[in-house]
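# Structural description and commentary
Read off the chains here:
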Amino acid sequence: PAEGDALIGATLEGLRRAAEEVEHVAAVAETLQRSLLPDHLPELPGLRVAARYVAGSADAQVGGDWYDVISLRDGQAGIAIGDVVGHGLDAAARMARLQNALRAYALEGLRPSLVLERMNGFARDVAGGPMATLLYAVVDPEEGRLRLASAGHPPPLVIDAAGETFFAEGPAGSPLGVRSFPAYEESVIALPAGSTVLCYTDGLVERPETSLDAGLEWLRDFAPGAAGDPDEICAALLRACF
């Protein structure tokens with residue numbers, strides 16, 4: 001019995017240490033991921049911008065979700081949101097490489113479709129081949145126009161000043177890192193004054209007990225009821241989901 005007790009005690013101690021190590025790695029990954037997201041979003045004439053990041057549950061671990069808002073020439077803004085497949089430090093590190101590459105391509109003033117083409121090549125040849133979804137859009141507040149391209153990412157929800165909603169659905173190209181030379185097509189969406197564009201990752205609308213279609217329908221029904229200020233819309237969505 002004494003030997004059995006010692007064996008059980010050693011096994012439990014080993015499990016405890018393993019659990020502590022997993023918790024530590026997850027905490028490091030979340031810290032890394034948060035440090036790579038923008039500290040503050042740029043102030044852009046004609047636009048109000050807000051964002052939130054919420055880490056996944058403990059069992060899901062930290063993933064590779066990320067976003068960025070980039071001040072471009074001529075008063076335009078680049079908006080990126082993506083999701084790297086995987087969890088933990090590896091996903092966070094891959095996310096960092098993709099984020100830096102996207103910012104460089106965006107600042108060259110490239111069209112969204114060309115940005116995604118270059119991002120796909122970067123993902124395959126430089127960043128270790130991570131599969132990732134990515135939406136990149138350029139907003140022109142003066143012209144009231146949104147030009148976007150998607151690499152397998154969920155479509156943005158557009159809410160007009162009257163509260164009418166629609167998903168800015170266009171051709172969804174293949175996720176980054178899947179194909180060698182994919183073609184990405186662009187969509188151009190008119191944005192009248194007072195419009196809101198809501199971008200998100202699939203964690204907002206897809207749960208184990210809820211299909212993606214049901215989650216998208218919920219988002220379309222819920223979002224118009226939130227206040228028109230972007231920061232308040234983000235806060236209301238988080239209260240409803242988490």
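See the structure shown above.
So, how was this worked out
- Residues numbered from 1 in each chain as written.
- Predicted model: local features only at pLDDT ≥ 70, side-chain atom pairs only at ≥ 80, totals over all residues.
- Heavy atoms only, no water.
- Helix = DSSP H or I, 4+ residues; strand = E, 2+ residues; numbered from the N terminus.
- Buried < 20%, exposed > 50% of the residue type's maximum accessible area, 1.4 Å probe, protein only.
- Contact = heavy atoms within 4.5 Å.
- Areas by Shrake-Rupley, 256 points an atom, 1.4 Å probe, with all protein chains shown as cover.
- Phe/Tyr/Trp six-rings, centres within 6.5 Å; stacked < 30°, edge-to-face > 60°.
- Salt bridge = Lys/Arg side-chain N within 4 Å of Asp/Glu carboxyl O.

## With respect to the overall build of the protein
The secondary structure content of the protein amounts to five helices and nine strands. Listing the helices and strands of the protein from first to last along the sequence gives α-β-β-α-α-β-β-β-β-β-β-β-α-α. The buried share of the protein, reckoned over its 242 residues, is 40%. When contacts within the protein are restricted to residue pairs at least 6 apart in sequence, those whose partners lie at least 24 apart make up 65%. Accessible surface, the protein as shown: approximately 12,900 Å² in total, 53% of it carbon and sulfur.

## Remarks on the packing of aromatic side chains
The way to describe two aromatic rings as a pair is by their centre distance and the angle between their planes. With the rule as written, the count across this model stands at one aromatic pair. Between Trp 218 and Phe 222, the ring centres sit 5.1 Å apart and the planes meet at 15°, which makes this aromatic pair stacked. One end of the pair, Trp 218, and the other, Phe 222, are both in helix α4 (residues 212-222), four residues apart, so they sit about a helical turn from each other. Note on Phe 222: relative accessible area 26%, which makes it partly exposed.

## Considerations on the pattern of salt bridges
Inspection of every chain in the model, using the stated rule, returns seven salt bridges. For the salt bridge of Glu 186 with Arg 111, the shortest nitrogen-to-oxygen distance reads 2.8 Å. One end of the pair, Glu 186, is in the loop between β7 (172-173) and β8 (187-190); the other, Arg 111, is in the loop between α2 (88-107) and α3 (112-125), with 75 residues separating them in the sequence. In this structure, a network of salt bridges that share partners links the residues Arg 111, Arg 147 and Glu 186.

## Some words on the environment of Leu 135
Of note, Leu 135 is situated in strand β3 (residues 132-140). Judged by its relative accessible area of 3%, Leu 135 falls in the buried class. Leu 135 sits 56 residues away from Ile 79 along the chain, and the two C-alpha atoms are 8.0 Å apart. When near neighbours in sequence (up to four residues on either side) are disregarded, Leu 135 contacts Ile 79, Ala 80, Ile 81, Leu 148, Ala 149, Ser 150, His 153, Pro 156 and Cys 199.

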